[in-house]
Amino acid sequence: MVADCCSGGCSPDKPPVDPRYRRVLWIALFVNALMFGVELAGGWAAGSVSLLADAVDFFGDAANYGISLFVLGLAPVWRSRTALVKGATMGAYGVFVIGSALTHLASGTVPAAQTMGVIGIAALLANGLVAALLFAFRNGDANMRSVWLCTRNDMIGNLAVLLAALGVWQAGSGLPDLFVASVMGVLGLTAARSVIVHARAELSAATPDVPAPVVELKRR
């Protein structure tokens, strides 16, 4: 409609926002904020670094969904710049998790396997719901891609936490928990690299070529 175009919705630099995507982001934001609190409390109670790492991941994802909602109506260049920041945040998360795993390795903590298992199942179900809702938008711009990668990595992390719980229960050692936490950290670094490369490519494509200055020679 003409009225929509006059309000800026039809501008090529500001494409219309899919209302379905906005609703999915609000659901994802609520689910991740809720699971952050659950896993944070459970991780401290169980002494599990993989649960704590997953809790921090839920917090980061909730923040990412909030940022994504904020930039939905902005020009593509701003969404790409936001994706760069999100990629850097994902990288920082990976470094934090690996550092925490090394710290717990030195202390020799053995987490509570049953608590890890129960909370891991709840987290997997929560992320499965979000992933199903986001699946249709996984091939969008760098910002949409970063949201999808976060959720995909979360599900992988939840499965890994469940395997860690099984390993801790069987071996009576905290090493499975630390191994899984380290893998989650590496996944965070890998996803960060993918998002940053994608966002930089979009920014490069959006930057117009600046023509060389024309020098006018004066005739003598």
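Residues numbered from 1 in each chain as written. Predicted model: local features only at pLDDT ≥ 70, side-chain atom pairs only at ≥ 80, totals over all residues. Heavy atoms only, no water.

Q: Explain the overall build of the chain here, please?
A: Within the chain, the regular secondary structure consists of seven helices and zero strands. Tracing the chain from N to C terminus, the helices and strands come up as α-α-α-α-α-α-α. When burial is assessed residue by residue, the chain has 40% of its 220 residues classed as buried. Restricting to contacts in the chain with at least 6 residues of sequence separation, those with at least 24 account for 81%. Carbon and sulfur atoms make up 70% of the accessible area of the chain, which amounts to about 12,000 Å² in all. (Helix = DSSP H or I, 4+ residues; strand = E, 2+ residues; numbered from the N terminus. Buried < 20%, exposed > 50% of the residue type's maximum accessible area, 1.4 Å probe, protein only. Contact = heavy atoms within 4.5 Å. Areas by Shrake-Rupley, 256 points an atom, 1.4 Å probe, with all protein chains shown as cover.)

Q: Would you mind going over helix α2 (residues 19-46) with me for this structure?
A: Residues lying three or four places apart along an α-helix face the same way, a consequence of the helix completing one turn every 3.6 residues. Taking 1.5 Å of rise per residue, 28 residues should cover 40 Å, and α2 covers 40 Å from first to last C-alpha, within 8% of that figure. Residues of α2 that are buried: Y21, V24, L25, A28, L29, V31, N32, M35, E39, G42, G43 and A46. Once α2 finishes, G47 follows within two positions and takes phi at roughly 70 degrees, a positive value. (Expected span 1.5 Å × (residues − 1).)

Q: Would you mind going over the packing of aromatic side chains with me for this structure?
A: The relative placement of two aromatic rings is captured by the distance of their centres and the angle of their planes. A full pass over the atoms with the stated rule returns one aromatic pair. Measuring from centroid to centroid gives 5.1 Å for F36 and F59, while their planes differ by 45 degrees, and the two rings are tilted. Of this pair, F36 sits in helix α2 while F59 is found in helix α3 (residues 49-71), placing the two residues 23 residues apart along the sequence. (Phe/Tyr/Trp six-rings, centres within 6.5 Å; stacked < 30°, edge-to-face > 60°.)

Q: Just to check I follow, could you spell out the environment of L125 for this structure?
A: By the secondary structure assignment, L125 is in helix α5 (residues 113-134). Judged by its relative accessible area of 62%, L125 falls in the exposed class. As for L125 and N158, which are separated by 33 residues in sequence, their C-alpha atoms are 9.1 Å apart.

Q: Explain the side chain of N158 here, please?
A: Inspection of the secondary structure assignment puts N158 in helix α6 (residues 142-171). Apart from the residues lying within four places of it in its own chain, the contact partners of N158 are D54, G120, A123, L124 and N127.

Q: Whenever I open this one, a nonpolar patch on the surface confuses me. Can you help?
A: Together, I27, L129 and L133 give the surface a local cluster of nonpolar side chains, amounting to about 230 Å² of exposed area. On the secondary structure map, L129 appears in helix α5. (Patch = residues over 30% accessible without salt bridge, like charges linked within 9 Å, V, L, I, M, F, W, Y side chains within 5 Å. Salt bridge = Lys/Arg side-chain N within 4 Å of Asp/Glu carboxyl O.)

Q: Please clarify how the packing of α2 against α5 should be interpreted in this entry.
A: To characterise two packed helices, one gives the angle between the axes of the helices and the distance between these axes. Interaxial distance between α2 and α5 falls to 10 Å at its minimum, and their mutual angle equals 170 degrees. Classed by the angle they form, the pair α2 and α5 counts as roughly antiparallel. Contacts between α2 and α5 pair Y21, V24, I27, A28, V31, N32, M35, V38, E39, G42 and A46 from the former with T115, I119, A122, A123, A126, N127, V130, L133 and L134 from the latter. Across the contact of α2 with α5, the residue classes break down as 15 nonpolar, four polar and one charged. (Axes fitted to C-alpha atoms, helices over the stretch in contact; angles between N-to-C directions. Parallel < 35°, antiparallel > 145°, perpendicular 65-115°, else oblique. Nonpolar A, V, L, I, M, F, W, Y, C, P; charged D, E, K, R; others polar.)

Q: What exactly am I supposed to notice about α5 here?
A: Under the 1.5 Å per step criterion, the end-to-end length of α5 is 31 Å for 22 residues, consistent within 8% with the ideal 32 Å. For α5, the full list of buried residues reads A113, M116, G117, I119, G120, A123, A126, N127, V130, A131 and L134.

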